[in-house]
Amino acid sequence: MLRILFFVLVGLFCTSSLAADGTIAGTITSQTTGNPISGATIQVIKGNHNIIGTTTTASDGSYSIAGINAGQYTVNASASGFQAGSIGAKVSNGEITLVNLALLPNPGTVSGQVTDSLTTLPISGATVRVFQNNVLVGSTTTNGSGNYTIAGSAVGSSVVIASAATYQTASQGAII
């Protein structure tokens, strides 16, 4: 009787450990260019904060994390120069769950100095606005040194327009 119980327990142990092998694999790319992101950090999370596995992407943006129990997970991806991405994934026993993520580049910043074109002295209190595709994406006023910074612009072409009392409005193209 004891021998039969031993074989049943061994059989259950082997079956449950073989069935627990799921894999999450995929590719991480840039949402704007479609190019793979090398060296991105991937984390597989169970529940709120239980990290099940971590890896980094290869030069072609691919990754794979094996040995994951069946269930619901969150896959987080982060890379330098990009906004972090996150997506849910359901892992099944003995299956490969494909999870691809396209990360957005971090928003850019436009900064500079507004000066008088004749004297090259800085202009304090000038209004500076940034437009992308004819849509205002940010505005600010220059400081006492004529300097300005506008954060949160998307990657791409922009037009920067500066205006101040007693001066003509000026515009300049910018690539972010």
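Look a little higher up for the structure.
Residues numbered from 1 in each chain as written. Predicted model: local features only at pLDDT ≥ 70, side-chain atom pairs only at ≥ 80, totals over all residues. Heavy atoms only, no water.

Once that is clear, we can look at the sheet that holds strand β14 (residues 170-175). Read from one edge of the open sheet, four strands run β11-β10-β13-β14, paired in antiparallel fashion. The open sheet has two free edges, formed respectively by β11 (135-141) and β14, since each of these has just one partner strand. Taken over all neighbouring pairs, the strand axes of this sheet differ in orientation by 20 degrees on average, direction set aside. Here five bridges tie strand β10 (residues 127-132) to strand β13 (residues 157-163), and the two strands are oriented antiparallel to one another. Looking across to β13, one finds that Thr127 is bridged to Ser163. (Pairing = 2+ DSSP bridges. Helix = DSSP H or I, 4+ residues; strand = E, 2+ residues; numbered from the N terminus. Axes fitted to C-alpha atoms, helices over the stretch in contact; angles between N-to-C directions.)

Before going further, it helps to examine the sheet that holds strand β2 (residues 41-46). Pairing within the open sheet is antiparallel, and its four strands lie in the order β3-β2-β5-β6. Each edge of the sheet is formed by a strand with only one pairing partner; in this case those strands are β3 (50-56) and β6 (85-91). Averaged over neighbouring strand pairs, the angle between their axes works out to 25 degrees when direction is ignored. When β2 meets strand β5 (residues 71-78), the two strands line up antiparallel, connected through five bridges. When the sheet's bridge partners are listed, Ile42 is paired in β5 with Ala77.

Given two aromatic rings, one states the distance between the centres and the angle between the planes to describe the pair. Applying the stated criterion across every chain yields a total of zero aromatic pairs. A cation over a ring is seen here: Lys46 above Tyr73, with NZ or CZ 4.8 Å from the ring centre. (Phe/Tyr/Trp six-rings, centres within 6.5 Å; stacked < 30°, edge-to-face > 60°. Lys NZ or Arg CZ within 6 Å of the ring centre and 35° of its normal.)

So, about the nonpolar core. Of all hydrophobic cores here, the largest spans 18 residues; its most connected members are Ile24, Ile28, Ile42, Val44, Tyr63, Ile68 and Val75. In this structure, Tyr63 is in contact with Ile24, Ala25, Gly26, Thr27, Ile28, Ile42, Thr55, Thr56, Thr57, Val75 and Val99, ignoring residues within four places of it in sequence. With eleven residues, the next largest nonpolar core counts Val128, Tyr148, Ile150 and Ala162 among its residues. (Core = buried A, V, L, I, M, F, W, Y, C linked by side-chain atoms within 4.5 Å. Buried < 20%, exposed > 50% of the residue type's maximum accessible area, 1.4 Å probe, protein only. Contact = heavy atoms within 4.5 Å.)

What follows concerns the environment of Ile161. On the secondary structure map, Ile161 appears in strand β13. The sequence separation of Ile161 and Ser139 amounts to 22 residues, and the corresponding C-alpha distance is 9.3 Å. Ile161 has contacts with Thr127, Val128, Arg129, Phe131, Thr169, Ala170 and Ser171, leaving out every residue within four places of it along the chain.

With that settled, the discussion passes to unusual backbone geometry. With a phi angle near 55 degrees, Asn133 is a residue other than glycine that sits in the positive phi range. Along the polypeptide, Asn133 turns up in the loop between β10 and β11. Phi is positive for Thr166, close to 70 degrees, though the residue is something other than glycine. Relative to the assigned elements, Thr166 resides in the loop between β13 and β14. Overall, the relative accessible area of 82% leaves Thr166 in the exposed class.

Our next topic: the pairing of strand β1 (residues 22-30). Two faces belong to every sheet, and in a regular strand the side chains alternate between them. Among the nine residues in β1, eight count as buried, and that is most of the element. The pairing of β1 with strand β8 (residues 101-103) spans three bridges and is classified as parallel. Residue pairing for β8: Ile28 is matched across the bridge by Leu101.

This brings us to the side chain of Gln132. Among the structural elements, Gln132 can be located in strand β10. Setting aside chain neighbours within four positions, we find Gln132 in contact with Val137, Ser153, Ala154, Gly156, Ser157, Ser158 and Ile176.

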